[in-house]
Amino acid sequence: MKIKGLVAVVTGGASGLGEAAVTRLVENGGRAAILDLQEERGAALVEKLGSDNVLYIKTNVTSEEDVQSAVNQAVEKFGAIHAAINCAGIGAAEKTLGKEKPHDLGVFTKVIQVNLIGTFNVIRLAAEKMAQNAPNEEGERGVIINTASVAAFDGQIGQAAYSASKGGIVGMTLPIARDLSRNGIRVMTIAPGLIDTPLFAGAPEKVRQALGAMVPFPPRLGYPSEYAMLAQSIIENPLLNGETIRLDGAIRMQPK
Ligand SMILES: NC(=O)c1ccc[n+]([C@@H]2O[C@H](COP(=O)([O-])OP(=O)(O)OC[C@H]3O[C@@H](n4cnc5c(N)ncnc54)[C@H](O)[C@@H]3O)[C@@H](O)[C@H]2O)c1
């Protein structure tokens, strides 16, 4: 699909990878609805990119009601939804069996709820809107991009919940692509390595450099814009479907 004239809903679009995707889409003639909890950052992005191009909708991706209302508002403002980019996510670090107690089940459940179930919630409701689009010359009505992590494959100590949530995203990519093939909707997942987003903003420069140096090549943290470049390629290339792409400079995470 072409970016010019495309309308996307971007969860987690107020920060990091989602923000980079929103910015790249708008710079190339697309428009975006940002579905995120961070009101201030969402409003700042609307101010920066223009309210004709960007709509911020305070949304919790785990809520059926919030996401239904958000996709309705996006269609009301922009006329359609052609792409959904799922970047909303949270992390957690806790061992299965800690020194004091076993892993908190509430924490495990919350990470799965936001990262995995939130992603599926947005996929199903955005797909319903996309299915109403007239197909383009390739027969495409929409494209969905999910965000997993290299932790889906090489999860570290303390990452049981996070890795399970991201592994779930990788696992559902192919069956959802198959489900939606009759609607002309493609489904892809990006599995980033270490990307320099607000996630790392609190870390001292020394730690950030040490993390970057672990990457075989290029030996640095990734830029959010590199995620956005891949998202653009996925949107534009009709043959990409049902697969997860690692975006990680060849890093393979060690146990810790
Ligand atoms: N930065 C990295 O190195 C990296 C690596 C691998 C995977 N990822 C994944 O990429 C995605 C984006 O991460 P980021 O680095 O840009 O982080 P980030 O914290 O900058 O952005 C995540 C955004 O998601 C939003 N969010 C969280 N819970 C939400 C909810 N319930 N409903 C709506 N919005 C919610 C937050 O408000 C935030 O704006 C996440 O899924 C993360 O797991 C990031």
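In this report, we go over the structure that sits alongside the text. (Residues numbered from 1 in each chain as written. Predicted model: local features only at pLDDT ≥ 70, side-chain atom pairs only at ≥ 80, totals over all residues. Heavy atoms only, no water.)

Across its full length, the chain carries eight helices and seven strands. Here the C-alpha radius of gyration of the chain, 18 Å, is about what a compact globule of 256 residues would show, namely 18 Å. When its C-alpha atoms are laid out on the principal axes, the chain stretches across 55 × 35 × 35 Å. Relative to its full complement of 256 residues, the chain shows a buried share of 50%. Restricting to contacts in the chain with at least 6 residues of sequence separation, those with at least 24 account for 70%. A total of about 12,300 Å² of accessible surface is found on the chain, and carbon and sulfur atoms cover 54% of it. Computing the positive centroid from 25 side-chain charges and the negative centroid from 26, the chain places the two 4 Å apart. (Helix = DSSP H or I, 4+ residues; strand = E, 2+ residues; numbered from the N terminus. Rg over C-alpha atoms; globule rule 2.2 N^0.38 Å. Buried < 20%, exposed > 50% of the residue type's maximum accessible area, 1.4 Å probe, protein only. Contact = heavy atoms within 4.5 Å. Areas by Shrake-Rupley, 256 points an atom, 1.4 Å probe, with all protein chains shown as cover. Lys, Arg positive; Asp, Glu negative; His and termini not counted. Charge placed at Lys NZ, Arg CZ, Asp CG, Glu CD.)

If you walk across this open sheet you meet the seven strands as 3-2-1-4-5-6-7, and the pairing is parallel. Each edge of the sheet is formed by a strand with only one pairing partner; in this case those strands are strand 3 (54-58) and strand 7 (244-247). Direction aside, the axes of adjacent strands within the sheet are offset by 20° on average. By the bridge criterion, six bridges tie strand 5 (residues 142-147) to strand 6 (residues 185-192) in an arrangement that is parallel. Along strand 6, the bridge assignment pairs Asn146 with Thr189. Against the sheet, helix 1 (residues 16-27) touches strand 1 (7-11), strand 2 (31-36), strand 3, strand 4 (83-86), strand 5 and strand 6, its axis set at about 165° to strand 1. Docked against the sheet, helix 4 (residues 105-130) engages strand 1, strand 4, strand 5 and strand 6, running at close to 170° with respect to strand 5. (Pairing = 2+ DSSP bridges. Axes fitted to C-alpha atoms, helices over the stretch in contact; angles between N-to-C directions.)

Further remarks concern the pattern of salt bridges. Taken as a whole, this structure holds 12 salt bridges when the rule is applied. Across the pair Glu19 and Arg41 runs a salt bridge, and its minimum N-O distance is 3.0 Å. Of this pair, Glu19 sits in helix 1 while Arg41 sits in helix 2 (residues 39-49), and the two are 22 residues apart along the sequence. One salt bridge connects Arg246 with Asp248, and the closest N-O pair in it is separated by 2.7 Å. (Salt bridge = Lys/Arg side-chain N within 4 Å of Asp/Glu carboxyl O.)

On to the packing of helix 1 against helix 8 (residues 224-236). Put simply, helix 1 and helix 8 touch, their axes get as near as 8 Å, and they point 55° apart. Classified by the angle their axes make, helix 1 and helix 8 are oblique. In terms of crossing hand, the pair formed by helix 1 and helix 8 is right-handed. Residue-level contacts link Gly16, Leu17, Ala20, Ala21, Arg24 and Leu25 of helix 1 to Pro224, Ser225, Tyr227, Ala228, Met229, Gln232 and Ile235 of helix 8. Counted by class, the contact of helix 1 with helix 8 contains nine nonpolar, three polar and one charged residues. (Parallel < 35°, antiparallel > 145°, perpendicular 65-115°, else oblique. Left-handed = near helix turned anticlockwise from the far one by under 90°. Nonpolar A, V, L, I, M, F, W, Y, C, P; charged D, E, K, R; others polar.)

Near the ligand you find 28 residues, and of these Ser15, Asp36, Tyr162, Ile195 and Thr197 are the closest. Within the backbone of Val61, an N or O atom sits 3.0 Å from a nitrogen atom of the ligand. In this structure, an oxygen atom belonging to the ligand sits 2.6 Å away from a side-chain N or O atom of Tyr162. Residue assignment for the shell around the ligand shows that the elements contributing at least two residues are helix 1, helix 5 (160-180) and helix 6 (198-201). In terms of residue class, the shell around the ligand is built from 15 nonpolar, 11 polar and two charged. (Near = heavy atom within 4 Å. Polar contact = N/O pair within 3.5 Å; in protein donor to acceptor, adjacent residues only side chain to side chain.)

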